[in-house]
Amino acid sequence: MSGDSTTLARIFRQESGQVLAALIAQLRDFDLAEDALADALVEAARAWPERGIPSNGGAWLLSVARRRAIDRLRRSKTRSSDLTEQTIRLLHEDVSMNEQDEIVPDERLRLIFTCCHPALSEDARVALTLRTLCGLTAREIARAFLTSESTMNQRLSRAKAKIRDAGIAYVVPEADDLPARLHSVLAVIYLIYNESYSAYEGQTLSRHDLALEAVRLADILYKLLPDPEVSGLLALIRLHHARRAAREDVNGVLISLEHQDRRMWDHAEITQATGILLSTLAQGQPGPYQIQAAISALHATAKNWSETDWPQILALYQTLYEMTGSPIVALNRAVALANSGDVAKAISVVDALSDVLATYQPFHAARADLLARLGHREEANTAYDHAIALSRNDAEKAFLIARRAKMS
Amino acid sequence: MKFMALIYSVDGSQSSYPGDLMGDYHKFGEEAAAAGVLIEGNALQPVSTASSVQVRDNKPAITDGPFAETKEVLGGYYLLDCKDLDEALKWAAKIPTATYGTIEVRPVLTIEW
């Protein structure tokens, strides 16, 4: 294998997540694990181009990182000495037990449950997951969430300190806790994915990297934890992701599903994701992510907008509403109802949601569309104005302004 | 690890508890003791009995009432010995007041001298 810098960067990226997870599992100390991995990467960057890339790069990095961790523990005088000695002994045993080509046990599952523990704030869960499981730097995460690097560093250290001091265990939860805890993990991954599409004021960046990280995380979880909702989330994210090229025009203006050029969709990915979904649904344990994926699959496999299977989409939204009771699902169900032909009834359902969804931009946008379809131009105009005022970015704004103009 | 479960609820709200509150507390205490997690636990007299003291310039200033005027007041506590936060939270969720108040769970800080 060649040792040029792109190859190195690729291997580092591939292996870092697993190695870091294994280090955290042994050291129980996020910062020490990160520092030790950084040391190992520096050493690899020096040694590999000279001596060639080892056949198991991950194992190499792990054993070097362990030795560096021992060095760091020895040097540190602030730690409790008993604990330090104990950790050093454990690390030594591991180093002598596992030689170069050991199979690194995958610790990422435990790590993801720890990083997504509900005792951490949602912001902290997202940041910590991106930092430790995806290997993004604090700077990269800060940029993606449009906050400063120092704010992000603070958020990360507070989260790590809470894990250490509050007694958050480094384990996969027991069976009776698993559904609730898994819910938190899936929500974090979906949040990371959605964040990739919601750029804020004046920015059109789609933050493609975040979307890829979410796909990667869902994929890791899918491989490590067989669960219908995990498969559902993976299928859902990949079905959305398959349509990315058609979502914006060259000027960054959003293109609605109705007007997207379906030839630009990644049909191989759609086929794969639909396959995962179908075998999952066959297990007969439906859940919210599987249902959302099923809706997405019906869109992704429709020849065009008018040949979409609206009655089935309506039925799926009904099921989803019964599962979640969410007003946003009720809104989407109403839109599906309108697209199945009953616009008048849809608008009365939507109007009933006006209190709970008053500050939700898509509510006003959907209401405006329905009013326009019924020919109520003035009311539609007002609703578009509300939606435009609530938009968080230029792409959304431009999209709504264009829609309002088209009507009049 | 030692965890403190601090039991908060709106003053006087225990009357909204649908069952036998004292009986359920008794059951909780027995269950936690049998599982070996209970170190100790106590209910406190109502917040109307609270006095606060602050020492400033070496002079204690005593005032009537709790430290902070909040809707929810501290009504009691349990000291639990659990393997991790998950276990502590599981026990805290079984405290009868959790159904209408809030149980704050915090590890006890251990300092090595």
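Residues numbered from 1 in each chain as written. Chains lettered and ligands numbered in written order. Predicted model: local features only at pLDDT ≥ 70, side-chain atom pairs only at ≥ 80, totals over all residues. Heavy atoms only, no water.

Notes on the interface of chain B and chain A
For step 1, the next point in the chain: Counting from both sides, the interface comprises ten residues of chain B and, opposite them, twelve residues of chain A.
For step 2, the next point in the chain: For the chain B and chain A pair, buried surface summed over both sides reaches about 770 Å², with 47% attributable to carbon and sulfur atoms.
For step 3, the next point in the chain: It is B:Leu85, B:Asp86 and B:Lys90 in chain B that bury the most area against chain A; as a group they hold 58% of the surface buried on that side.
For step 4, the next point in the chain: Counting across the chain B and chain A interface gives five salt bridges.
For step 5, the next point in the chain: Inspection of the chain B/chain A interface yields four residue pairs in polar contact (both at pLDDT 80 or more).
For step 6, the next point in the chain: At four residues, the largest contribution of residues to the side of chain B that touches chain A is made by helix H2 (residues 85–92) of chain B. (Contact = heavy atoms within 4.5 Å. Buried area = accessible area lost by both parts, 1.4 Å probe. Salt bridge = Lys/Arg side-chain N within 4 Å of Asp/Glu carboxyl O. Polar contact = N/O pair within 3.5 Å; in protein donor to acceptor, adjacent residues only side chain to side chain. Helix = DSSP H or I, 4+ residues; strand = E, 2+ residues; numbered from the N terminus.)

Examining the confidence of the model for chain A
For step 1, the next point in the chain: On average, residues of chain A carry a pLDDT of 87, and 89% of them reach 70 or more.
For step 2, the next point in the chain: For the stretch residues 96–103 of chain A, pLDDT sits under 50, and the model shows ten contacts to residues farther than four places along the chain or on other chains. (pLDDT = per-residue confidence, 0-100.)

So, the sheet that holds strand S1 (residues 2–10) of chain B
All names here are of chain B.
For step 1, the next point in the chain: Spatially, the four strands line up as an open sheet ordered S2-S5-S1-S6, and their pairing is antiparallel. What marks the edges here is a single partner per strand, and that holds for strand S2 (38–43) and strand S6 (102–107). Adjacent strand axes in the sheet meet at a mean angle of 20°, parallel and antiparallel pairs treated alike.
For step 2, the next point in the chain: Alignment of S1 against strand S5 (residues 72–81), held across nine bridges, turns out to be antiparallel. Of the residues in S5, the one forming a bridge with Leu6 is Tyr77.
For step 3, the next point in the chain: In this fold helix H1 (residues 21–34) packs onto S1, S2 and S5, with an angle of close to 165° to the strand it touches most, S2.
For step 4, the next point in the chain: Across the sheet, H2 lies against S1, S5 and S6, angled at about 155° from S6, the strand it touches most. (Pairing = 2+ DSSP bridges. Axes fitted to C-alpha atoms, helices over the stretch in contact; angles between N-to-C directions.)

What about the packing of aromatic side chains?
Aromatic ring pairs: the centre-centre distance and the angle between the two ring planes describe each pair.
For step 1, the next point in the chain: By the definition in use, this model includes eight aromatic pairs over all chains.
For step 2, the next point in the chain: Plain terms: the ring middles of A:Tyr190 and A:Tyr289 are 5.8 Å apart, the flat faces sit at 90° to each other, and that makes the pair edge-to-face. Residue A:Tyr190 is found in helix H9 (residues 178–195), and its partner A:Tyr289 is found in helix H13 (residues 288–301); the two are separated by 99 residues along the sequence. Note on accessibility: A:Tyr190 and A:Tyr289 belong to one class, buried.
For step 3, the next point in the chain: A ring pair is formed by B:Phe28 and B:Trp91, whose centres lie 6.1 Å apart and whose planes are at 70°; its orientation type is edge-to-face. (Phe/Tyr/Trp six-rings, centres within 6.5 Å; stacked < 30°, edge-to-face > 60°. Buried < 20%, exposed > 50% of the residue type's maximum accessible area, 1.4 Å probe, protein only.)

A few points about the pattern of salt bridges
For step 1, the next point in the chain: Per the counting criterion, the structure on display carries 28 salt bridges over all chains.
For step 2, the next point in the chain: With a closest N to O distance of 2.4 Å, A:Glu213 and A:Arg13 form a salt bridge. Of this pair, A:Glu213 sits in helix H10 (residues 208–224) while A:Arg13 is found in helix H1 (residues 5–27), placing the two residues 200 residues apart along the sequence.
For step 3, the next point in the chain: The exposure class assigned to A:Arg13 is partly exposed, which follows from its relative accessible area of 41%.
For step 4, the next point in the chain: Between A:Glu174 and B:Lys83 there is a salt bridge whose closest N-O contact spans 3.5 Å. Of this pair, A:Glu174 sits in the loop between helix H8 (149–165) and H9 while B:Lys83 sits in the loop between S5 and H2, placing the two residues on different chains.
For step 5, the next point in the chain: On the accessibility criterion, A:Glu174 (44% relative accessible area) is partly exposed.
For step 6, the next point in the chain: Residue class for B:Lys83 comes out exposed when judged on its relative accessible area of 55%.
For step 7, the next point in the chain: Beyond isolated ion pairs, a larger network of salt bridges with shared partners links A:Glu174, A:Asp176, A:Asp177, B:Lys83 and B:Lys90.

Brief notes about the side chain of A:Glu269
All names here are of chain A.
For step 1, the next point in the chain: Relative to the helices and strands, Glu269 is located in helix H12 (residues 267–281).
For step 2, the next point in the chain: A distance of 2.9 Å separates polar atoms of two side chains, one belonging to Glu269 and the other to Arg238.
For step 3, the next point in the chain: What Glu269 contacts, discounting residues up to four positions off in sequence, is Arg238, His241, Ala242 and Arg244.

Overview of the confidence of the model for chain B
For step 1, the next point in the chain: In the predicted model, chain B carries a mean pLDDT of 93, and the fraction of residues at 70 or more is 98%.
For step 2, the next point in the chain: Reported for the predicted complex are a pTM of 0.83 and an ipTM of 0.82.

Some words on helix H2 (residues 30–51) of chain A
All names here are of chain A.
For step 1, the next point in the chain: The terminal C-alpha atoms of H2 lie 30 Å apart, and with 22 residues this matches the ideal 32 Å at 1.5 Å per residue to within 8%.
For step 2, the next point in the chain: Where H2 bends most, at Ala44, the angle is about 30°.
For step 3, the next point in the chain: Within the span of H2, buried status applies to Phe30, Leu32, Ala33, Glu34, Ala36, Leu37, Ala40, Leu41, Glu43, Ala44, Ala47 and Trp48.
For step 4, the next point in the chain: Between the side-chain oxygen of the N-cap and the backbone nitrogen of Asp31 there are 3.0 Å, and the N-cap of H2 in question is Asp29.
For step 5, the next point in the chain: Gly52 sits one or two positions beyond H2 and adopts a positive phi of about 95°. (Expected span 1.5 Å × (residues − 1). Bend = angle between axes of the 7 residues up to and from the residue.)

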